[in-house]
Number of protein chains: 4
Amino acid sequence: MNINKQQLADLNKTNLKNHQTHFDFLAQSLSNSGTDVYALLAKLAEFQVAIPSWALGAGGTRFGRFSFSGEPASLEQKIEDIGLIHSLTQTAGAVSLHIPWDVPNDYNAIKELAALHNIKFDAVNSNTFQDQKNQKESYKYGSLSNTSAAVREQAIAHNKEVVEIGNKLGSKALTVWLADGSSFPGQNNFQIALTHTQNSLISIYEDMPADWKLYIEYKPYEPNFYSTVIQDWGTSLMLANGCGERAYTLVDLGHHLPNTNIEQIVSILMLKGKLGGFHFNDSKYGDDDLTVGSIKPYALFLIFNELVYGMQNNPQNPELGWMIDASHNVKDPLEDLIQSLEAIQEAYAKALLIDQNALRAAQEANDVTACQELLQNAYRTDVRPLIREARLRHGGALNPIEAYRALEVRKNLINERGNKTVATGL
Amino acid sequence: MNINKQQLADLNKTNLKNHQTHFDFLAQSLSNSGTDVYALLAKLAEFQVAIPSWALGAGGTRFGRFSFSGEPASLEQKIEDIGLIHSLTQTAGAVSLHIPWDVPNDYNAIKELAALHNIKFDAVNSNTFQDQKNQKESYKYGSLSNTSAAVREQAIAHNKEVVEIGNKLGSKALTVWLADGSSFPGQNNFQIALTHTQNSLISIYEDMPADWKLYIEYKPYEPNFYSTVIQDWGTSLMLANGCGERAYTLVDLGHHLPNTNIEQIVSILMLKGKLGGFHFNDSKYGDDDLTVGSIKPYALFLIFNELVYGMQNNPQNPELGWMIDASHNVKDPLEDLIQSLEAIQEAYAKALLIDQNALRAAQEANDVTACQELLQNAYRTDVRPLIREARLRHGGALNPIEAYRALEVRKNLINERGNKTVATGL
Amino acid sequence: MNINKQQLADLNKTNLKNHQTHFDFLAQSLSNSGTDVYALLAKLAEFQVAIPSWALGAGGTRFGRFSFSGEPASLEQKIEDIGLIHSLTQTAGAVSLHIPWDVPNDYNAIKELAALHNIKFDAVNSNTFQDQKNQKESYKYGSLSNTSAAVREQAIAHNKEVVEIGNKLGSKALTVWLADGSSFPGQNNFQIALTHTQNSLISIYEDMPADWKLYIEYKPYEPNFYSTVIQDWGTSLMLANGCGERAYTLVDLGHHLPNTNIEQIVSILMLKGKLGGFHFNDSKYGDDDLTVGSIKPYALFLIFNELVYGMQNNPQNPELGWMIDASHNVKDPLEDLIQSLEAIQEAYAKALLIDQNALRAAQEANDVTACQELLQNAYRTDVRPLIREARLRHGGALNPIEAYRALEVRKNLINERGNKTVATGL
Amino acid sequence: MNINKQQLADLNKTNLKNHQTHFDFLAQSLSNSGTDVYALLAKLAEFQVAIPSWALGAGGTRFGRFSFSGEPASLEQKIEDIGLIHSLTQTAGAVSLHIPWDVPNDYNAIKELAALHNIKFDAVNSNTFQDQKNQKESYKYGSLSNTSAAVREQAIAHNKEVVEIGNKLGSKALTVWLADGSSFPGQNNFQIALTHTQNSLISIYEDMPADWKLYIEYKPYEPNFYSTVIQDWGTSLMLANGCGERAYTLVDLGHHLPNTNIEQIVSILMLKGKLGGFHFNDSKYGDDDLTVGSIKPYALFLIFNELVYGMQNNPQNPELGWMIDASHNVKDPLEDLIQSLEAIQEAYAKALLIDQNALRAAQEANDVTACQELLQNAYRTDVRPLIREARLRHGGALNPIEAYRALEVRKNLINERGNKTVATGL
């Protein structure tokens, strides 16, 4: 199924006048207080978030999985799904592939299909947390950190292969998320595990094309429940520094202990020029992988405040890779992704509204009340008309969820694909 | 210092036209989607939050306290401070007294002063977490739960005295927060401690006037660091049930373990008709006692969603007692309280905007995407014009923080009271 | 494979003399300080823990599962596995069945097999957290709390059927663990969900035979990540009270928010006569389902201190149902269970060593130092000789793990069952 | 008050025979399994822990403080108190001074007094978290990170002065714990705050004598409740690296978010040669500053496992500075410290019993069950006879708490000092 611009234009008609009224009012109001609304619209339009190829079907937990109908059964169908989201939102212009679940059969065909949907190939992801059929060595006790040289070499080779695949598609970064760790005290020698990991990463890093970046994730626990080799940003940064200039830390919002101040981590990494990318999701307890902004939207705004600051003030930090990494256990995956994209745009737009000069002045003067007022003034602004306008100008839907339902996208996908397809992924 | 209506009217003039434009636009927009804006304004105006008498000076931590100038040095000055906040916000029409810090010398004079400022006497608070000078028994090892009958009796007598004082002022409820617990495993016999607590509470409860309510707080830890006798809502409810019909659980937002779903607790207590009151504050780590809405405003909104639902659907639950319980370590206490009041009104106004019928329908249909859209639509609305309008109609300030600063309230208080006064409290 | 007493007697010979020396020394030492060692040995021998039928194969996470060789492929083989553990440890004399994974084909045959291994049928467990093939209604959005009456009725009927099956085998209790809850704010109406759950539980409860007990578990999150209908002990107790006298709360050690004081919950439930059963495991982060005692053995000891106190002082509380509920992701499941059983016995033995009279006296006197000394004196005692002696006297292995390896149990199971069997379960 | 060796020898007589029996039995048993008991006793005797000068009086919380009688009122009395503990335990041979609370009046006299008690001067601690009387600038909004250059300079100068004082006494390290941070989002510019902190630390570091070390603490929150400038080990390490070779990270056990794997942090810091010192305490919720080993003794053992490994395998890491940092809210401070010292020795002794070669072999083979057995075998050993023997050989008390009470130390201190002295400190 494809959605064409005319369909959306027709759907938008109903709400257009109402939207125009709201947008004009907000634009006027923002202009009055000195905001360049058109620059802001341009920034919103530029901001594109990659959709991971494994997040287009229903997710599950260790207690089971409730399938969703019309799931994509092939890489082609996954790209088609992202195309649908991109048509509606105009912010999902990239895909982040997971290997080996999504190895293309025909590279040219896949590249053409993606181009047709205006989708780029973002960072590629390796998988050494599961054993694949006919795999020689097992990752049960770790991959890049394993005590066995044979296992480490297999895992290194797999990562190199992932880079090779990504390179053929135009990707420029490898994301490494390691499940390596231990579930019981004493199981691991922490120092040996870290040293193996560092050496393995160096081997992968040195094999990458010269214009590639390496993103190193961290996570305190799960699937191991006592220790994780790369447990926090400090460890990730240490490893990135050990690899070289083009190795960076990647922050996944769900990969932190309760109450961690994530925005401070983001800020310090940018100061050091070492924040590479971002995995968006939301959570209440652990790595819950919920819809972005569904639980702690203010924390997301505070993180974007630091991101915006860093993008404006930290030339030492490279352009960031943005990606959603969520699991869709109870919602239609495409609806869930659309809600995530809107929450990201909302947080970004609000962060752009912060009066940075006034904030800096209030901070210098330790005027804590004023600092809070400045953040809250931006946050309390209803920026939906801005986001809608940005979408509208690029041919998207005024209200993507409404459009998705009006166009009966899911019904069409089920008709095309059937009820029983199951997408590879988590 | 007093602020009169004319001063505020003059100050409001500057922003009045701009406000009017925004309010009209929002009112029109809300009316179009079926909201009765005037009913909503009435509800906002009715909503009054008590200010605790101990929260008008600078707060501190175990590492020390940085004083603030112009703090109130007497109960009279505390009421004057609340009067100032109430003038500006029109939502602080009550005081919650802490005994023995704020025992009136002249009851009639205090009642007249409060009436002058349009301030009522809300729940009174006892203190058995500290020893007072010349106190016979010590609360070092607990009060209502102490192994010593003499200590328990002293604590019971103190609570009865607090009720008596409150009764003279027109209060109708006693709030009991117990610090009782243990700092080391083995220190307490949990069963004996709970049984003593239950019996002590019954003794206090039975001595209260027939129109009084008893609010029982719970808290997992601090100042004891291993166990607290009333560690959670389940224990508080058990004790309230053991006392009788007019005993209720009081929820303080900061008194929960990390990640607790507080809104569910609120909802279930209202279903059972046992939610008595509420202490507002915000926190990131523990009982941080920060400005309401400064850390997790969406969680506050979700709590208000349940409160609004309960107030509309649970006649079995009594009217709730609302109070702020925060500590002002780095901000001017009055500015901090004003920001808290605004955050409370904002959350309440947004919760009132939720389309409850549509939400119920989406819940019944398990349309999770729609449930989220409905909540977020309300939350993303900028309700500040509504709150300003409600204030304006009752003679308050359009922007209380701006007015507070324009009127140089703090400077005036310092002039009147001097630099070195220290308010009793935490 | 079976292990006979002679095999174990032969194996025990090697360490027997050494054990005897250690046991005699400890027994003498304990007797000197007034402990009745033989009464203690009798208590240890009596203490039997049920093994859940789903925990005999490798466990996994949402990121995958690494299989283990020689897993049991049928209920018969599961009972055989428990028989092996029981032979070695003499403390695993019960099985807790999970329905529908382990419905017997031939009840008499299964009962005979269990009797042969000296294994009783403990509480039976229903499953409404997954959809079974050909099931009419789906539990995706809940079971006993579902908004749909048809789903609730199906879930109730399933529970009734589980009771029926258990009854044929001699079980006397039903354990209900509900995954019901919501993953997003707004998804659930908390009050309606709880009311449905209460009514469903009453329907199940009233259908149970008169000598059956109902155990109601609670859990704050997972597999739902925003709310769980039965989120804590307070909710579970409320539901149990709503059902009747034979309904109880079941505590699973992993089902708590970070830092919860579980021993206090245990103590208060026993005071109220409402603690029904116990699920043992250990965890560092969430419901990690690790080997009992592998992470927080002192906390386990503190819990046993309360259990021992309750068993001695709370006649109002019924005999407790003990069960292990762990997941074996990286260890041989049988070795893992043996380690869990040893940790349970160790905690129990140490708790039995606490000088309860001296502790009560120190508590009454608020001699906190002495309270701690009394607990730590018991905890620091090396009780392994006691546990070994208790096993020895009942024909078990002095060192079960060593014996398991010496007898090459896993190798034998693989020979019998093959490499590729997969046990049903988590 | 002083305790002389004869007094202790007399007291020890009562339990001597019993102790000898237990020690001989354990020594024989350990020797049989290859442990060099006398080497182990020597290590235990060598291990000395500094007592902080602020932890000899009652501690408190923001809710108040319950004084303890006979508290030391001067630095001399504090050293006398440590002398008492050292006499009894033979493991408290150092003091860690806090400036400005404990500035000596007469350096020679203090050095002589300390020498008399066999007490060394360990790391000195600066205080920039409180304002001292007549201090020019306030630390309310931070010290080394303050936006004001004047405040930063004052804080730097204070630290330099602390080094100077310590140098006169023979100290060789400065411990910097910064309370700097923010209580509200927006209050701080994270990047500027960190940069100021780095520059301030460099200024202090470069002024230190060439044989001094700088220890940099980290802490996630408290007394600031939104962010702390040095929030975690990653930040501390970054700052230490920015200062130079003799700057190190200091780990305080209570300064971590819930569930942090501290032993892994310790291990990685030693691998990098950057672990400088250690603050012992225990906690259940936050920085509770409870008696060492009173809540999570197994975690302490796991940490010591890494420390022992590092001391044996990481020559790149310097000798560590050991210190207790606890608060005595409900116990006699001296009894509390004695219990802490015993718990430290116990964890150390047990860690020394781990069969490191077997553990390494089991780790290499991924024999997780065996790894756990090896740790638990060491942990389950009752090492109290070893610790008693080590004390006995150096003239300490077999049972320090019993001796402390038999000698009526507190009563004597009250007689000497009176009831109303209050020690400076927290």
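These numbers were taken from a predicted model, which means no experiment stands behind them.

> Any chance you could explain the overall build of chain A here in plain terms?
The number of helices and strands found in chain A is 15 helices and 13 strands. Its C-alpha atoms give chain A a radius of gyration of 22 Å, near enough to 22 Å, the size a compact globule of 426 residues would have. Along the first, second and third principal axes, the C-alpha atoms of chain A reach 65 × 60 × 40 Å. Sorting the 426 residues of chain A into buried and exposed places 69% on the buried side.

> Help me out: how do you make sense of the interface of chain D and chain A in this one?
Accessible area lost when the parts come together is the quantity often used to give the size of an interface. Between chain D and chain A, the contact holds 52 residues from the first and 51 residues from the second. Counting the surface lost from both chain D and chain A, the interface buries some 4600 Å², and carbon and sulfur atoms represent 56% of this. The interface formed by chain D and chain A holds 0 salt bridges in total. Scanning the region where chain D abuts chain A turns up 22 residue pairs in polar contact (both at pLDDT 80 or more). Contributing elements (two or more residues each) for the side of chain D that touches chain A: helix 6 (190-207), strand 10 (227-228), helix 7 (233-243), helix 8 (262-271), helix 9 (297-313), helix 11 (356-364) and helix 12 (368-380) of chain D. Element by element, the count of residues in the side of chain D that touches chain A is highest for helix 8 of chain D, at 7 residues. By residue class, the composition of the side of chain D that touches chain A is 24 nonpolar, 22 polar and 6 charged.

> Can you help me understand the packing of helix 3 (residues 75-89) of chain A against helix 10 (residues 333-353) of chain A in this one?
Packed helix pairs are characterised by how far apart their axes lie and by the angle those axes make with each other. Residue and element names in this part refer to chain A. Direction vectors running N to C along helix 3 and helix 10 enclose 40 degrees, while the axes themselves pass 10 Å from each other. Judged on the interaxial angle alone, helix 10 and helix 3 are oblique. As for the relative orientation of helix 3 and helix 10, their crossing is right-handed in sense. For the pair formed by helix 3 and helix 10, the contact residues are D81, L84, I85, L88 and T89 on the first element and L334, L337, I338 and L341 on the second. Taken together, the residues of the contact of helix 3 with helix 10 sort by class into 7 nonpolar, 1 polar and 1 charged.

> How should the relation of the copies chain D and chain A be read in this particular structure?
Put simply, the second copy of the chain is the first one after a rotation about an axis and a shift along it. Take chain D, turn it by 180 degrees, move it 0.0 Å along the axis, and it overlays chain A with an RMSD of 0.0 Å. Both chain copies can therefore be described as sitting about a two-fold axis. Closest approach to the rotation axis within chain D is made by the C-alpha atom of G234 of chain D, at a distance of 2.1 Å. A share of 98% of interface residues in chain D that are also interface residues in chain A marks the association as one of identical surfaces.

> What am I meant to see in helix 6 (residues 190-207) of chain B here?
All names here are of chain B. Its 18 residues give helix 6 an end-to-end C-alpha distance of 26 Å, which sits within 8% of 26 Å, the value for a rise of 1.5 Å per residue. What helix 6 keeps buried is the set F190, Q191, A193, L194, H196, T197, Q198, S200, L201, I204 and Y205. The distance from a side-chain oxygen at the start of helix 6 to the backbone nitrogen of Q191 is 3.0 Å, and the residue carrying that oxygen is N189.

> For this particular structure, what's the right way to read the packing of aromatic side chains?
What describes a pair of aromatic rings is the distance from one ring centre to the other and the angle between the planes of the rings. Applying the stated criterion across every chain, the model contains 76 aromatic pairs over all chains. Taking the centre distance of 5.2 Å and the plane angle of 40 degrees together, the rings of F278 of chain B and F280 of chain B count as tilted. Across the pair, F280 of chain B and F278 of chain B agree in class, each one buried. Aromatic side chains F47 of chain D and Y348 of chain D sit 4.6 Å apart centroid to centroid with 35 degrees between the ring planes, which places their arrangement in the tilted category. Of this pair, F47 of chain D sits in the loop between helix 2 (37-46) and strand 1 (50-52) while Y348 of chain D sits in helix 10 (residues 333-353), and the two are 301 residues apart along the sequence. Relative accessible area serves as the criterion here: at 7%, Y348 of chain D is assigned to the buried category. Ring pairing ties together the aromatic residues F47, F278, F280, F304, W322 and Y348 of chain A, which thus form one cluster.

> How do you make sense of the interface of chain A and chain C when you look at a structure like this?
Contact residues are listed per partner, giving 43 residues for chain A and 43 residues for chain C. Roughly 3900 Å² is buried in total at the junction of chain A and chain C, and carbon and sulfur atoms are behind 66% of that figure. Applying the counting criterion to the chain A and chain C interface returns 6 salt bridges. Where R62 of chain C meets E222 of chain A, a salt bridge forms, and the shortest distance between an N and an O atom there is 3.0 Å. Summed over the shared surface of chain A and chain C, the number is 12 residue pairs in polar contact (both at pLDDT 80 or more). Residues belonging to the side of chain A that touches chain C are distributed by class as follows: 21 nonpolar, 11 polar and 11 charged.

> I would appreciate a short explanation of a negative patch on the surface in the present structure.
Residues and elements named next belong to chain C. Among the surface-exposed residues, E161, E164, E206 and D207 lie close enough to one another that they form a single negatively charged patch. For the negative patch, the secondary-structure elements that each account for two or more residues are helix 5 (149-169) and helix 6 (190-207). Assignment of secondary structure puts E161 in helix 5. Since its relative accessible area comes to 43%, E161 is described here as partly exposed.

> Even after reading the chapter, I still don't get helix 10 (residues 333-353) of chain C, so can you show me in this structure?
Each α-helix turn comprises 3.6 residues. Residues three or four places apart therefore point the same way. Residues and elements named next belong to chain C. If you check helix 10, its first and last C-alpha atoms are 30 Å apart, about what 21 residues at 1.5 Å a residue would give, namely 30 Å. The element helix 10 is largely enclosed, with a buried count of 21 among its 21 residues. Backbone nitrogen of L334 and a side-chain oxygen of the N-cap are separated by 2.9 Å at the start of helix 10; the cap is D332.

> Explain the nonpolar core to me, please; I cannot follow it from the model alone.
Across soluble globular proteins, you tend to see nonpolar side chains buried next to one another. F280 of chain A, F280 of chain B, F280 of chain C together with F280 of chain D are the most contacted members of the largest nonpolar core, which totals 520 residues. Contacts of F280 of chain D, omitting those with residues within four sequence positions, involve V49, L253, V292, L300, F304, W322, M323, I324, D325, A326 and I344 of chain D.

> Before we go on, may I ask you to explain the side chain of T369 of chain C in this structure?
Positionally, T369 of chain C belongs in helix 12 (residues 368-380). Given the relative accessible area of 2%, T369 of chain C is considered buried. The contacts of T369 of chain C, once residues within four sequence positions are left out, are K331, E335, Q339, I401 and R405 of chain D.

> Sorry if this is basic, but what is going on with the pairing of strand 11 (residues 247-252) of chain A here?
A regular strand carries its side chains on alternate faces of the sheet. Residues and elements named next belong to chain A. In terms of burial, strand 11 is a largely internal element, 6 of the 6 residues being buried. The side-chain alternation of strand 11 yields two buried faces, one formed by A247, T249 and V251 and the other by Y248, L250 and D252. As paired elements, strand 9 (residues 213-217) and strand 11 share 4 bridges and run parallel to each other. From the neighbouring strand, L214 faces strand 11, where its bridge partner is A247. Relative to strand 12 (residues 275-280), strand 11 runs parallel, the two sharing 4 bridges. If you follow V251 over to strand 12, its bridge partner there is F278. In this fold, the crossover linking strand 11 to strand 12 by way of helix 8 (residues 262-271) has right-handed handedness.

> What am I meant to see in the environment of S96 of chain C here?
Residues and elements named next belong to chain C. Structurally, S96 can be placed in strand 4 (residues 94-96). S96 sits 42 residues away from W54 along the chain, and the two C-alpha atoms are 8.7 Å apart. Not counting chain neighbours up to four residues away, the residues in contact with S96 comprise A50, I51, P52, S53, W54, A123, N125 and M323. Separated by 2.6 Å, the side chain of S96 and the backbone oxygen of A123 make a polar contact.

Here is what the cut-offs are and how they apply
Residues numbered from 1 in each chain as written. Chains lettered and ligands numbered in written order. Predicted model: local features only at pLDDT ≥ 70, side-chain atom pairs only at ≥ 80, totals over all residues. Heavy atoms only, no water. Helix = DSSP H or I, 4+ residues; strand = E, 2+ residues; numbered from the N terminus. Rg over C-alpha atoms; globule rule 2.2 N^0.38 Å. Buried < 20%, exposed > 50% of the residue type's maximum accessible area, 1.4 Å probe, protein only. Contact = heavy atoms within 4.5 Å. Buried area = accessible area lost by both parts, 1.4 Å probe. Salt bridge = Lys/Arg side-chain N within 4 Å of Asp/Glu carboxyl O. Polar contact = N/O pair within 3.5 Å; in protein donor to acceptor, adjacent residues only side chain to side chain. Nonpolar A, V, L, I, M, F, W, Y, C, P; charged D, E, K, R; others polar. Axes fitted to C-alpha atoms, helices over the stretch in contact; angles between N-to-C directions. Parallel < 35°, antiparallel > 145°, perpendicular 65-115°, else oblique. Left-handed = near helix turned anticlockwise from the far one by under 90°. Least-squares fit on C-alpha atoms with pLDDT ≥ 70 in both. Expected span 1.5 Å × (residues − 1). Phe/Tyr/Trp six-rings, centres within 6.5 Å; stacked < 30°, edge-to-face > 60°. Patch = residues over 30% accessible without salt bridge, like charges linked within 9 Å, V, L, I, M, F, W, Y side chains within 5 Å. Areas by Shrake-Rupley, 256 points an atom, 1.4 Å probe, with all protein chains shown as cover. Lys, Arg positive; Asp, Glu negative; His and termini not counted. Charge placed at Lys NZ, Arg CZ, Asp CG, Glu CD. Core = buried A, V, L, I, M, F, W, Y, C linked by side-chain atoms within 4.5 Å. Pairing = 2+ DSSP bridges. Right-handed = clockwise from strand over helix to strand, strands pointing away.

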